[in-house]
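So the chains spell out like this:
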Amino acid sequence: MGKYLLKFNFLMLLFFCQLSLAQDNKVTVSGTVEDSAGPLPGVNVIVKGTSTGVTTDFDGRYVLEDIPARSTLVFSYLSFKTQEIPLNSRTEINVTMESDTQSLEDVVVVGYGTQNRSEVTGAISSIDSEEIASVPVATADQALQGRAPGVNVVNSGAPGNSPVVSIRGLGTPNNNSPLYVIDGIIASGMGDLNPNDIENIQVLKDAATTAVYGSKGSNGVVLITTKKGKGTQKASLNFDAYSGVNFVSSRYNVLNTQQYIQYLDEIDATPTRVSDPQYADFINNDTDWQDEIFRGGLMQSYNLALSGGNENSNYRFSGGYLEQEGAIIETGYERFNFRANSNFHFGNLTIGETLGVSFDEQNPERDSGGRSIIEHAIKISPYLPVYNADNLGGFQGPSSSIDGQDAENPVRVQTLGNASNRSVNIIGSLFAEYVFFDKITFKSQVGLDYSNFKNTNFIPSYRDDETSTNSTPYAQITKNTGIYQSLTYTNSLTYKDSFLENHNIEFLLLSEQQTIKNESINASSRNEISDEVEQLSLEGANLGSSSSEYVRIGYLGRLNYNYDKKYLFAFSLRRDASSRFGQSNRWGWFTSVSAGWNLGRERFMDGSIFNNLKLRGSWGTTGNDNIGDYRYSSTLLTNFIYPIGGNPVQGTTANGLGNADLKWEETEMRNIGLDVGINNNQFTLSLEYYNNKSDDLLIDRPLAYSLGYNDPVITENVGSVKTHGLEANLGYNDYDGDFTWSANLNFGTSKNEVISLGGVPSIPGANFEGEFVSRISVGEPLFYFYGYKTNGIYQTQEEIEEVLTANPDQTAVKPGDVRYVDINNDGQINSDDKVKIGNPYPDFTFGFNFNANYKNFDLNLFVNGSIGNDVFNTNIYDLEGMTRPFNAGTQVLNRWTGPGTSNSIPRALGATQNTNASDRYVEDGSYTRLRNLVIGYSFPSEFFNDTFSKFRVYLSGQNLLTLTDYSGLDPEIGRISLNNGAARDNFELGIDRGNYPQPKSVQIGLQVAF
């Protein structure tokens, strides 16, 4: 027995000796690391359990010398799955890295930093670069439409015009535009940003995410991150281009020449031009003025980007060119974009910059006489020709004395002379970041948002007819120039650590100052000698200038904590001061608290179909100071003209009344959310409920004109508005097999109600034809439409007498006139009978996005829509008003001409009350629109002998189909584009004044990568 034991011990000794020798053996190992696209530089290759390691070079190669033969190598790289491979004495190991799509989705940009999505406790919607690039749009904010629940985007068809964007409805009668932050820089907007330069957009919607911006967060925040080179990316070159055409196919059905003359004869309003033989040639014309102003506009876009990097730096340089001719003649937009982003690493120090420069030129829609081009086209007589060489300027228009109307030739308005809005825009930052002890990060950044604009308008002398109805005997020159400059200084200190294994904490301290300066010079003159000189002179000169300065200072503290990523908590406190308030009220406190429970990480959820199940909630306050500068102080007007002794005399007068007690408008936000992911996020669902209340609204209250102020309003903190709604985002992804597809549906609801106006009975809104057609009052939504309710057409005198019992002998209203409802039953129709007749804000907005791929083919279909919003269609006034011998819609041929002939279209030239603001002009503006359809094909790399890593061609169409009951040209009523447009977008919500319609468009495109 002892002999066998001795042999066993001897064998075990030999085994351990051999094992020891094997462990002591050293080897040199090398290999290549690549992904599906080829060699992958910058991959970390580390000996497990040690600090020994290298990174792969530009060819993806690595070499590790003198490492234990029994080691395990760890291969790791951002956005790829980490791999651990035992060496087992091998000297060559080649690795193919697999993309980790889950990790790509985990990190989201939040205010002043980033967070893992699983740790987010606030309401954030994300739009990635593929979604943005899938729709060929001129401006980046247009790409937001329909992509995120609760984000309402109303586009304009005018090239170069930014859309109106609101997040979670209307919470204030003031500016509802969200705060835009581009690469950490507070920006005035994102309209000049090239969509091809955007990596992702995060929309922050509740207090947990927006309160960190304090006084700027009440309307939501849009965070834009631009593309950057990857730290280990081999130099790559990307080129994409598209070209196409856009057009408007819709038209109003107006009277042709024969119908128009017949109509005028029937109403005894035949103009002299029709009956006078010297104008006989005119009657042979049949001009379709809408066809004259609309055209097929060409559009083209080209973008080139170079990016790359190594372990110590990264870079991306890009340039872009866009040209878009508008669907209305002589409108268009042209832009040159240049961007440079780079980062440099020096151990624990990182220095970087972002810089974007754009050169823009817009040829806008012009207006004349306060009418849009479309309104002129509807009203002008069809028998008039477009051109007349005998007239000064070469155009023909109506004469009041001969044609009985004063609509202007829309072709002349839009094409005679020239108008352009040019700007140079710069947005950029410099930052330095230093990491102490791997836990503390100090970052200092300075950001600049700068714009220099020059708007010019030149109109030579003209005379459209033999009288002086539409004529100017001299050339008119207008030039407006200005500078906008915003400087933001931000310093932050971040501490991030984990302790006791599962406790994770992040603490942020930040200070920030933003200074905005505006300067402008406005000048005009005329030239009675020549139409060839477009320069200003002292002849009929008018000159003015203005300047203003705005300063905001803020201090922020934020704490994020989670236990094992299951129990989440966040708290922030910000204190801001604004120069828009008086000394005693400049500072405000803004707080947020949020929490979450990630049930998907609980042990009892192991093995379930849920890979993500998170409940979260937030509460907090944000502020708003979006009013004019210096409203707390009384101001003077120095160029006031007043008649003294029959002569105009220039002097100084009180301009407006200040309010030294002005303070912050404050919004209290509550949000509850649920995030669900099933089967590794094959199914995803996100639900939100929000309830916001804005108090101390900054409202301009009208003053009596008898007080003598030039601007008879005073800004006060009065009233409250409540906004609440639901949001949902549902997604499905199928990435197995040759045919893969994904679909996403989002929708949002929003309702707002005015709770208080601080004792003010109501505030008037937009004005049309001398009447306020919208208003603000307690118990109603902001800017609801206000007017009379109609009940058909009076057919007989007896019907009139049954309604107007208080004044049965009146003669103004006759059979054939509009019948209004006597709301208070007092026997008369007056302003006391006006009621709510519509709501311009939608009850429900939605977007549906579908992507499919089969081998090398791809398809994208995007549909969005708006449900429940009303439109005040002023074009009905022009088409059916029949107040003067303007041209009209064909529906006037079916007007009331006797009892029983019509109960919807009144008699021609009827009572003045027929055109009062009423539900006659209010229509359902709901629509569903095929916003985008793209079909593409990607050639395999071997087709071009691997010259290109990507070569894709595609065909796309936008706005190809719109389902709506709205009778106008476009149910989506965007930003008014006229030079004399509304001062505030909110006041123009849902009012169609002949707005520029959105065109349909078709493009063919190419995307190439080297």
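All values reported here derive from a predicted model rather than from experimental measurement. (Residues numbered from 1 in each chain as written. Predicted model: local features only at pLDDT ≥ 70, side-chain atom pairs only at ≥ 80, totals over all residues. Heavy atoms only, no water.)

Enquirer: Explain empty space enclosed by the protein residue by residue, including any values.
Expert: Taken as a whole and judged by the stated rule, the model has 6 cavities of 30 Å³ or more. In this structure, the largest cavity encloses a volume near 380 Å³. If you go around the largest cavity, you meet 29 residues; those closest to its centre are Pro136, Val137, Gln142, Asn959 and Gln998. Elements represented by at least two residues in the lining of the largest cavity include exactly β18 (236-247), β20 (313-325), β55 (950-964) and β57 (1000-1009). Here the residues of the lining of the largest cavity are counted per class, giving 12 nonpolar, 15 polar and 2 charged. Taken as a whole, the second largest cavity spans an internal volume of roughly 150 Å³. The wall of the second largest cavity is formed by 17 residues, among which Ile167, Arg168, Gly171, Ser218 and Asn692 lie closest to the centre. When contributions to the lining of the second largest cavity are tallied by element, the ones reaching two or more residues are β35 (665-678), β36 (683-695) and β39 (720-734). Among the elements that make up the lining of the second largest cavity, the one with the highest residue count is β36 (3 residues). Grouping the amino acids of the lining of the second largest cavity by side-chain chemistry returns 4 nonpolar, 10 polar and 3 charged. (1 Å grid on protein atoms, 1.4 Å probe; cavity = no way out; pocket = protein on both sides within 12 Å on 5 of 7 lines; lining within 4 Å. Points joined across faces, edges and corners; volume = space filled by probe spheres on them. Helix = DSSP H or I, 4+ residues; strand = E, 2+ residues; numbered from the N terminus. Nonpolar A, V, L, I, M, F, W, Y, C, P; charged D, E, K, R; others polar.)

Enquirer: Got a sec to walk through a nonpolar patch on the surface? Specific residues and values, please.
Expert: A surface patch of nonpolar side chains, amounting to about 750 Å² of accessible area, comprises Tyr434, Phe436, Phe437, Phe442, Leu493, Tyr495, Phe507 and Leu509. For the nonpolar patch, the elements supplying multiple residues, two or more each, are β23 (418-436), β27 (475-499) and β28 (503-527). Looking at where Tyr434 falls in the secondary structure, it is placed in strand β23. (Patch = residues over 30% accessible without salt bridge, like charges linked within 9 Å, V, L, I, M, F, W, Y side chains within 5 Å. Areas by Shrake-Rupley, 256 points an atom, 1.4 Å probe, with all protein chains shown as cover. Salt bridge = Lys/Arg side-chain N within 4 Å of Asp/Glu carboxyl O.)

Enquirer: I'd like a rundown of the nonpolar core, residues and numbers included.
Expert: Residues Tyr263, Trp289, Ile293, Phe294, Ile374 and Val411 are the most contacted members of the largest nonpolar core, which totals 41 residues. At the level of secondary structure, the elements contributing two or more residues to this core comprise α5 (257-266), α8 (289-293), α9 (373-379) and α11 (410-415). Of all the elements, α9 adds the most residues to this core, at 4 residues. Setting aside its immediate chain neighbours within four residues, Val411 contacts Trp289, Glu292, Ile293, Ile329, Val386, Tyr387, Phe395 and Leu416. (Core = buried A, V, L, I, M, F, W, Y, C linked by side-chain atoms within 4.5 Å. Buried < 20%, exposed > 50% of the residue type's maximum accessible area, 1.4 Å probe, protein only. Contact = heavy atoms within 4.5 Å.)

Enquirer: If you had to explain the sheet that holds strand β15 (residues 185-187) to someone new, which residues and values would you point to?
Expert: Strand pairing in a sheet takes place through backbone hydrogen bonds and is either antiparallel or parallel in direction. Here we have 5 strands laid out as an open sheet, ordered β11-β16-β17-β14-β15, and mixed in their pairing. The sheet terminates laterally at β11 (124-128) and β15, the two strands that pair on one side only. Direction aside, the axes of adjacent strands within the sheet are offset by 25° on average. Pairing analysis gives 6 bridges linking strand β16 (residues 198-204) to strand β17 (residues 221-226), with the strands arranged antiparallel. Opposite Ile198, over in β17, you have Thr226 as the bridge partner. (Pairing = 2+ DSSP bridges. Axes fitted to C-alpha atoms, helices over the stretch in contact; angles between N-to-C directions.)

Enquirer: Can you tell me about the side chain of Ser530, naming the residues and giving the values?
Expert: The topology assignment puts Ser530 in the loop between β28 and β29 (542-563). In this structure Ser530 comes out as buried when scored by relative accessible area, which is 19%. Within polar-contact distance, the side chain of Ser530 engages the backbone nitrogen of Glu532 at 2.9 Å. (Polar contact = N/O pair within 3.5 Å; in protein donor to acceptor, adjacent residues only side chain to side chain.)

Enquirer: Give a description of the packing of aromatic side chains that names residues and reports values.
Expert: Think of a pair of aromatic rings as described by two things: how far the centres are apart, and how the planes are tilted against each other in angle. Scanning the entire structure with this criterion turns up 34 aromatic pairs. Judged by centre distance (5.4 Å) and plane angle (40°), the rings of Tyr387 and Phe395 are tilted. Note on Phe395: relative accessible area 7%, which makes it buried. Ring centres of Phe747 and Phe844 lie 5.3 Å apart, and the angle between their planes is 20°; this geometry places the pair in the stacked category. Of this pair, Phe747 sits in strand β40 (residues 739-749) while Phe844 sits in strand β50 (residues 844-854), and the two are 97 residues apart along the sequence. (Phe/Tyr/Trp six-rings, centres within 6.5 Å; stacked < 30°, edge-to-face > 60°.)

Enquirer: Which residues make up the environment of Leu500, and what values do they have?
Expert: Turning to its location among the elements, Leu500 is positioned in the loop between β27 and β28. Sequence separation of Leu500 and Tyr563 is 63 residues, and the distance between their C-alpha atoms is 9.9 Å.

Enquirer: Tell me about the sheet that holds strand β6 (residues 72-76), and name the residues and values.
Expert: Read across the open sheet, the 4 strands follow the order β4-β3-β6-β7; overall the sheet is antiparallel. A strand with exactly one partner marks an edge of an open sheet, and here the two such strands are β4 (53-55) and β7 (83-86). For this sheet the average axis-to-axis angle between neighbouring strands, irrespective of direction, equals 20°. Direction of pairing for strand β3 (residues 44-47) relative to β4: antiparallel, over a ladder of 3 bridges. Counted as the bridge partner of Ile46 is Gly53 from β4.

Enquirer: I'd like a rundown of the pattern of salt bridges, residues and numbers included.
Expert: For the structure on display, the rule yields 48 salt bridges. With a shortest N-O distance of 3.4 Å, Glu361 and Arg422 are connected by a salt bridge. Taken together, the residues span a long stretch of sequence, with Glu361 in strand β22 (residues 349-363) and Arg422 in strand β23 at a distance of 61 residues. Residue class for Arg422 comes out partly exposed when judged on its relative accessible area of 47%. The partner of Asp675 in a salt bridge is Arg616, with the nearest N and O atoms 2.9 Å apart.

Enquirer: Now, about the confidence of the model for the chain: what can you tell me, with residues and values included?
Expert: When pLDDT is averaged along the chain, the result is 89, and 95% of the positions lie at 70 or above. Contacts from residues 1-24, a stretch scored under 50 in pLDDT, to residues over four places away or in other chains number 4 contacts. (pLDDT = per-residue confidence, 0-100.)

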